Amino acid sequence: MIQLIVGAKGTGKTKRIIDLANAEIAQDKGAVVFIDDDKRYMYDINSRIRFVNVSDYHITSPYSLYGFLCGMLSQNFDITTVYIDAFLHIIGRAIGELDEFFATIEKVAEENNVNFIFNVSAPAEDIPEYLKKYII
């Protein structure tokens, strides 16, 4: 499943995604991964959550993020949810350019029974119609 946390900068999206990740790990259902573009929130995340700073891996496009995510899933079949903060900043693209990326990620999510929760820094009215069903 794909879910999007959407809003303009400064609207509390990062706090919300951190709270969701911490609440999920408290239920102890599987492995949870939190991806960010720096280490700023590393200590806000429960220590049982695998924190990944993607700047250490030079992720700069939707394609490199896709490969990175597939590599993680292929190494750990227990991953149930992947939280991705600063999504658009990580991949350096506008939300309207990502239809192929989301179509592929949706397939990966279904085939691997994994939830992907993306923090998207954009107003809801800028979200393409095909993605609006994922907004939480």
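Residues numbered from 1 in each chain as written. Predicted model: local features only at pLDDT ≥ 70, side-chain atom pairs only at ≥ 80, totals over all residues. Heavy atoms only, no water.

Details of the overall build of the protein chain
When helices and strands are counted, the protein chain shows 4 helices and 5 strands. Listing the helices and strands of the protein chain from first to last along the sequence gives β-α-β-β-α-β-α-α-β. Overall size of the protein chain, expressed as C-alpha extent along the three principal axes, is 35 × 30 × 30 Å. For the protein chain, the proportion of its 136 residues judged to be buried stands at 46%. (Helix = DSSP H or I, 4+ residues; strand = E, 2+ residues; numbered from the N terminus. Buried < 20%, exposed > 50% of the residue type's maximum accessible area, 1.4 Å probe, protein only.)

Some thoughts on the nonpolar core
Of all hydrophobic cores here, the largest spans 35 residues; its most connected members are Ile35, Val82, Phe87, Phe102, Phe116, Phe118 and Val120. Those elements that place two or more of their residues in this core are β1 (2-7), β2 (31-36), α2 (62-75), β4 (79-84), α3 (87-91), α4 (99-112) and β5 (115-121). Ignoring sequence-local partners within four residues, the contact set of Val120 consists of Leu4, Ile5, Val6, Gly7, Lys13, Phe87, Leu88, Ile95 and Ile127. (Core = buried A, V, L, I, M, F, W, Y, C linked by side-chain atoms within 4.5 Å. Contact = heavy atoms within 4.5 Å.)

A short note on the pattern of salt bridges
Summed over all chains, the structure comprises 3 salt bridges. In this structure, the salt-bridge partner of Arg40 is Asp38, at a minimum N-O distance of 2.8 Å. Among the residues examined, Arg40 registers a relative accessible area of 53% and is labelled exposed. Between Glu129 and Lys132 there is a salt bridge, with the nearest N and O atoms lying 3.8 Å from each other. (Salt bridge = Lys/Arg side-chain N within 4 Å of Asp/Glu carboxyl O.)

Structural notes on the environment of Lys15
Along the chain, the position of Lys15 falls in helix α1 (residues 13-26). Taking the C-alpha atoms as reference, Lys15 lies 22 Å from Leu131; in sequence the two are 116 residues apart.

Focus: the sheet that holds β5
Reading across the sheet, the 5 strands line up as β1-β5-β4-β2-β3 and stay open at both edges, with parallel pairing between neighbours. Taken across any chain shown, the strands that pair with only one partner, and hence form the sheet edges, are β1 and β3 (50-53). Averaged over neighbouring strand pairs, the angle between their axes works out to 15 degrees when direction is ignored. As defined by bridge partners, β2 adjoins β3 across 4 bridges and the pair is classed as parallel. (Pairing = 2+ DSSP bridges. Axes fitted to C-alpha atoms, helices over the stretch in contact; angles between N-to-C directions.)

Describing the packing of aromatic side chains
Throughout the structure, instances matching the rule amount to 9 aromatic pairs. Seen in terms of ring centroids, Phe102 and Phe118 are 5.3 Å apart; in terms of plane orientation they differ by 75 degrees. Their pairing is edge-to-face. Remark: Phe118 occurs in strand β5 and Phe102 occurs in helix α4; sequence separation between them is 16 residues. For the pair Phe102 and Phe118, one class covers both residues: buried. Measuring from ring centre to ring centre gives 6.3 Å for Phe116 and Phe118, while their planes differ by 25 degrees; the resulting arrangement is stacked. The same class applies to Phe116 as to Phe118, namely buried. (Phe/Tyr/Trp six-rings, centres within 6.5 Å; stacked < 30°, edge-to-face > 60°.)

Here's the deal with the environment of Ala122
Mapped onto the secondary structure, Ala122 falls in the segment after β5. Ala122 gets classed as buried once you look at its relative accessible area, which sits at 7%. As a C-alpha pair, Ala122 and Gly7 span 115 residues in sequence and 5.1 Å in three-dimensional space. In this view, Ala122 contacts Val6, Gly7, Ala8 and Ile127; residues no more than four positions away in its chain are not counted.

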